[in-house]
Amino acid sequence: MTAPAPSRPLGPERDTLAKAAHENFPVAPFYLPRAWRDDLMAVYGFARLVDDIGDGDLAPGGADARLLGVPATDAEDPLVLLDAFEADLRRVFDGTPRHPLLRRLQRTVRRRALTPGPFLALIAANRQDQLVSRYETYDDLLAYCALSANPVGRLVLAVTGTSTPERVRRSDAVCTALQIVEHLQDVAEDLGRDRVYLPAADMKRFHVQEADLAAATAGASVRALVAYEARRALDLLDEGAPLVGSVDGRLRLLLAGFVAGGRAAVHAIAAAEYDVLPGPPKPGKLRLLREVGVTLRGEG
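The text that follows walks through the structure, step by step, so that each part is easy to find. (Residues numbered from 1 in each chain as written. Predicted model: local features only at pLDDT ≥ 70, side-chain atom pairs only at ≥ 80, totals over all residues. Heavy atoms only, no water.)

1. Here's the deal with a nonpolar patch on the surface
- Together, Leu79, Leu131 and Val132 line one region of the surface with nonpolar side chains, adding up to about 240 Å² of accessible area.
- Checked against the element boundaries, Leu79 lands in helix α4 (residues 78-94).
- With relative accessibility at 30%, the residue Leu79 sits in the partly exposed group. (Patch = residues over 30% accessible without salt bridge, like charges linked within 9 Å, V, L, I, M, F, W, Y side chains within 5 Å. Areas by Shrake-Rupley, 256 points an atom, 1.4 Å probe, with all protein chains shown as cover. Salt bridge = Lys/Arg side-chain N within 4 Å of Asp/Glu carboxyl O. Helix = DSSP H or I, 4+ residues; strand = E, 2+ residues; numbered from the N terminus. Buried < 20%, exposed > 50% of the residue type's maximum accessible area, 1.4 Å probe, protein only.)

This is the structure we're talking about:
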């Protein structure tokens with residue numbers, strides 16, 4: 001039975017889903033079955049919107065706040081918005097949500113028998129961003145990634161009906177790596193939000209002060225620190241890469257794209273000589289395609 005075509009997204013829903021084009025890797029590429037694409041975009045829409053709430057990046061005008069029933073006086077308060085968003089998420093599982101992105105998600109939840117846990121974790125990560133702006137150790141950062149990144153991979157496996165304990169473990173490694181790479185690309189942007197995701201213990205080891213991260217270009221100590229964290233991300237990608245070979249068909253190509261996107265981004269950081277402060281180094285398409293091929297052949 002063919003899945004019904006979704007209604008055309010409007011307003012805040014359209015704006016949120018449009019951001020998919022700017023991710024490091026395809027969110028729901030054309031070669032996937034239509035039903036998978038629709039459900040992955042519904043999951044993406046949720047993840048993107050909760051991040052926009054946490055980052056204060058909602059579309060101007062307060063439309064999302066009104067949809068969530070948040071009064072105009074609180075429309076700029078991320079914690080109030082996140083509480084309202086969590087309440088609306090719970091309606092996905094036991095009622096009728098208010099926000100159109102969550103109504104879209106409800107169809108996916110029912111079709112794929114998804115559970116609230118991964119969605120609640122993503123909200124918890126963004127709530128943590130409002131309360132915690134520095135991480136003392138690498139383990140502290142990994143615990144944050146378990147909330148902010150790993151649930152997305154688990155949802156991809158759940159949507160495609162391929163979850164097993166081993167695949168979840170490999171997926172967690174890939175997703176944590178992708179989150180770390182994104183933090184490395186966005187050091188300057190995050191500092192502008194008064195957030196530092198480079199572990200304080202590592203900064204101390206490499207003699208890096210926060211003032212060094214505010215410079216126009218990175219000095220030798222910052223570059224050494226970024227190279228160290230990039231190596232950690234590559235190690236995690238290598239740990240997770242066998243996930244690709246554990247599945248078949250078009251899902252294998254999708255997962256290879258995730259791993260390859262992370263590897264290509266690390267290579268872009270290396271090509272910039274680990275100077276991430278002028279702006280996020282981005283990989284070219286040829287490099288990404290090369291990494292996809294390497295990942296599919298299991299050579300990485």
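2. Thoughts on helix α9 (residues 165-185)
- With 21 residues, α9 ought to run about 30 Å at 1.5 Å a step, and its terminal C-alpha atoms sit 30 Å apart, in line with that.
- Within α9, 16 of the 21 residues are buried, which leaves it mostly tucked inside the rest of the structure. (Expected span 1.5 Å × (residues − 1).)

3. Some words on the packing of aromatic side chains
- This model, assessed by the stated rule, comprises eight aromatic pairs.
- With 5.2 Å between their ring centres and 25° between their planes, Phe46 and Phe85 make a pair best called stacked. With Phe46 in helix α2 (residues 34-55) and Phe85 in helix α4, the pair connects residues that are 39 residues apart, well separated along the chain.
- Grouping aromatic residues by their ring pairs yields a cluster made of Phe46, Phe85, Phe93 and Phe119. (Phe/Tyr/Trp six-rings, centres within 6.5 Å; stacked < 30°, edge-to-face > 60°.)

4. Looking at the packing of α2 against helix α8 (residues 150-159)
- Where α2 contacts α8, the two axes come as close as 10 Å, and the packing angle between them is 155°. What the angle tells us is that α2 and α8 run roughly antiparallel. The handedness of the crossing between α2 and α8 comes out as right-handed. Contacts between α2 and α8 involve Trp36, Asp39, Leu40 and Val43 on the former and, on the latter, Leu155, Val156 and Val159.
- Partitioned by chemical class, the residues of the contact of α2 with α8 number six nonpolar, no polar and one charged. (Axes fitted to C-alpha atoms, helices over the stretch in contact; angles between N-to-C directions. Parallel < 35°, antiparallel > 145°, perpendicular 65-115°, else oblique. Left-handed = near helix turned anticlockwise from the far one by under 90°. Contact = heavy atoms within 4.5 Å. Nonpolar A, V, L, I, M, F, W, Y, C, P; charged D, E, K, R; others polar.)

5. Some details on the nonpolar core
- Of all hydrophobic cores here, the largest spans 83 residues; its most connected members are Phe46, Phe85, Leu105 and Leu213.
- At eleven residues, α2 tops the list of elements feeding residues into this core.
- In contact with Leu213, not counting residues within four places along its chain, are Val187, Leu191, Val196, Leu198, Met203, Val208, Val222 and Leu277. (Core = buried A, V, L, I, M, F, W, Y, C linked by side-chain atoms within 4.5 Å.)

6. Digging into the packing of α8 against α9
- It is at 8 Å that the axes of α8 and α9 come closest, and there the two elements cross at 135°. In terms of axis orientation, α8 runs oblique to α9. The handedness of the crossing between α8 and α9 is right-handed. Contacts between α8 and α9 involve Asn150, Gly153, Arg154 and Leu157 from the first element and Arg167, Val168, Ser171, Asp172, Cys175 and Thr176 from the second.
- Considering only residue class, the contact of α8 with α9 consists of three nonpolar, four polar and three charged.

7. Regarding the environment of Leu234
- Secondary-structure assignment places Leu234 in helix α13 (residues 220-240).
- Among residues more than four places away in sequence, those in contact with Leu234 are Arg263 and Val266.

8. Quick word on the environment of Asp38
- Examined against the element boundaries, Asp38 turns out to sit in helix α2.
- Of the residues examined, Asp38 reaches a relative accessible area of 13% and is grouped as buried.
- Asp38 sits 97 residues away from Tyr135 along the chain, and the two C-alpha atoms are 36 Å apart.

9. A look at the side chain of Asp202
- Here Asp202 shows up in helix α11 (residues 200-205).
- Classification of Asp202 by relative accessible area gives buried; the value is 7%.
- For Asp202, the residues in contact, after removing those within four places along its chain, are Leu225, Tyr228, Glu229 and Arg232.

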